[in-house]
Amino acid sequence: MASVHLNKVQKIYDGGVVAVHEMDLEVKDKEFVVLVGPSGCGKSTTLRMIAGLEEVTSGEIYIDGQLVNDVAPKDRDIAMVFQNYALYPHMTVYENMAFGLKLRKFPKAEIEARVREAASILGIEEYLDRKPKALSGGQRQRVAVGRAIVRKPKVFLFDEPLSNLDAKLRVQMRTEISKLHQRLGATMIYVTHDQTEAMTMGNKIVLMKDGHVQQIDSPLEIYSKPKNKFVAGFIGSPAMNFFDGRIEKRRSLVFVEHEGGLTLPLTKKDEVRLKAYIGKEITLGLRPEHCSDATAGGRSTSSAISVHVEVVEPMGHEIYIYFSTKKNGRQYVARVSAESNPKVGKTFTLLPDLSKAHFFDPVTSEAL
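Cut-offs applied
- Every chain is numbered on its own, with residues counted from 1 as its sequence reads.
- Totals for whole chains, interfaces and linings use every residue, but because this is a predicted model, local features are given only for residues with pLDDT of at least 70 and side-chain atom pairs only at 80 or more, for both listing and counting.
- No hydrogens and no water enter the side-chain calculation; it runs on all heavy atoms of the structure.
- For two strands to pair, DSSP has to find at least two bridges joining them.
- A helix here means a DSSP run of H or I that spans at least four residues, while a strand means a run of E at least two residues long, and both kinds are numbered starting from the N terminus.
- For helices, the axis comes from a line fit to the C-alpha atoms of the stretch in contact; other axes are also lines fit to C-alpha atoms, and the angle between any two N-to-C directions lies between 0 and 180 degrees.
- Contacts are assigned to residue pairs that have any heavy atoms within 4.5 Å of one another.
- When the centres of two rings from Phe, Tyr and Trp lie within 6.5 Å, Trp using its six-membered ring, the rings pair. Their planes under 30 degrees apart give stacked, over 60 give edge-to-face, and anything left gives tilted.
- Relative accessibility under 20% of the residue-type maximum defines a buried residue, over 50% an exposed one, and the middle range a partly exposed one, all with a 1.4 Å probe and only protein chains included.
- In this scheme, the term charge over a ring applies when either NZ of a lysine or CZ of an arginine sits within 6 Å of the ring centre and within 35 degrees of the ring normal.
- Joining through side-chain atoms within 4.5 Å is the link that ties buried Ala, Val, Leu, Ile, Met, Phe, Trp, Tyr and Cys residues into a set, and such a set is a nonpolar core.

Attention now moves to the sheet that holds strand β9 (residues 204-209). The strand order β6-β7-β8-β3-β9-β10 describes an open sheet built from 6 strands, whose pairing is mixed. The two strands at the open ends of the sheet, each matched to only one other strand, are β6 (78-81) and β10 (212-217). Averaged over all pairs of adjacent strands, the angle between strand axes in this sheet comes to 15°, irrespective of strand direction. Bridge analysis of β9 against β10 gives 5 bridges, and the strand direction is antiparallel. Note on β10: the bridge partner recorded for Val-206 is Ile-216. Across the face of the sheet, helix α4 (residues 137-151) comes into contact with β6 and β7 (155-159) while running at roughly 180° to β6.

Below, the structure written as structure tokens:
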């Protein structure tokens, strides 16, 4: 296996459209890196440049220490799994998996051994004589992954491979790919727009927006310490709530939402951190899972807030409450325990965990 290094890599299309802005990225040997972001952020373009399917406008790409800017895709020793599987419909599963090896003039015995081994790993031995049209979506995806495995490449590239599968099968396949990474000890770069896939699969997440890298970090770090408002809002489901307001000095420092929608006393740690922002505009971020039922266990504190319940979504083990505050029409969401009993159209009391609050500059959107 091998490392992948991108040095100031940029992609500019005709008309001056910049798809990727001077990207720096270090993928270590045997690492599982996920490129994630909204549609059009440049993640698939980045993957295709690594594969050699897109020409680099400027910058350098190294695979296993070798500069590959001018190396043909077939000579880069990478294998790519596409969103649409890209299987040959007239070939059997065996023939699809063996095709690349046959082109490279591998001996028949080695082709047989590699295909059988990959089929065993993926649990598709019984489908080797079938055509792709006789397979389900999940089985076709396994064949596409198997075709990559038999190559034993230096780097595996995945371009949104699960987006065509139903929700249950997506969960199953992402688990299978994660286990495959552990079993093969492979270097993998995986592109997705699904932040849940990114959080559950990657050793390292690269979050992109408009061709710019917003943050590169471990899943836990990117969740708990987002560098800006975009990262905070993109990672996490449901998305983080944002309250616009200012810091005021009363008995202690408090956060006051615009139009007097809510007032929250800040923690001692935040009082020190935000002392320079007294009287200034600020954005407070609070994840839905950090809001609980204030009445549970007879709790009642000065941090509790009364909200107007607009929608209730029972999820089985928990409940999503969509609400607005007293004087603000904006909608927010909280995740509370299934034992809570919120009613649509009624007032509900929430207790935000302010030790988990995030603060952002309203102009730069950078975390404070």
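Taken as a whole, this structure holds 8 aromatic pairs when the rule is applied. Summarising the aromatic geometry, the rings of Phe-156 and Phe-158 are spaced 6.5 Å apart at their centres and angled 20° between planes, so their arrangement reads as stacked. Look at Phe-156 and you get buried, because its relative accessible area is 3%. Taking the relative accessible area as the measure of exposure, Phe-158 reaches 1% and is therefore buried. Cation over ring: Lys-229 sits above Phe-242, and NZ or CZ is 5.0 Å from the ring centre. The cationic tip of Lys-280 hangs over the ring face of Tyr-277; the distance from NZ or CZ to the ring centre is 5.8 Å.

This brings us to the side chain of His-358. Mapped onto the fold, His-358 is located in strand β20 (residues 358-360). The contacts of His-358, once residues within four sequence positions are left out, are Ser-224, Pro-226, Met-240, Thr-283, Leu-284 and Gly-285.

So, on to the nonpolar core. Side chains that are nonpolar tend, in soluble globular proteins, to be buried together. Counting 47 residues, the largest nonpolar core has Met-97, Val-115, Phe-158 and Tyr-190 as its most contacted members. Among residues more than four places away in sequence, those in contact with Phe-158 are Leu-47, Val-81, Val-145, Ile-177, Met-188, Ile-189, Tyr-190 and Val-191. Residues Val-20, Ile-50, Leu-157 and Met-208 belong to the second largest nonpolar core, which totals 28 residues.

Bringing the pairing of strand β17 (residues 318-324) into the picture now. Judged by how many residues are buried, β17 sits mostly within the fold: 7 of 7 residues are covered. Covered by surrounding structure in β17 are Glu-318, Tyr-320, Tyr-322 and Ser-324 together with Ile-319, Ile-321 and Phe-323, the residues of both alternating faces. By the bridge criterion, 6 bridges tie strand β16 (residues 305-314) to β17 in an arrangement that is antiparallel. In the strand pairing of β17, Val-309 is matched with Phe-323. Connecting β16 to the antiparallel partner β17 that follows it, the hairpin turn spans 3 residues, and Gly-316 within it adopts a positive phi of roughly 95°. Here β17 runs beside strand β18 (residues 332-337); their pairing, made up of 6 bridges, is antiparallel. In the strand pairing of β18, Ile-319 is matched with Val-336.

Let's shift gears to the environment of Ala-334. Residue placement: Ala-334 occurs in strand β18. For Ala-334, a relative accessible area of 0% gives the class buried. In sequence terms Ala-334 and His-181 are 153 residues apart; their C-alpha atoms lie 35 Å from each other.

So far we have only geometry, and geometry alone does not tell us how the molecule works.
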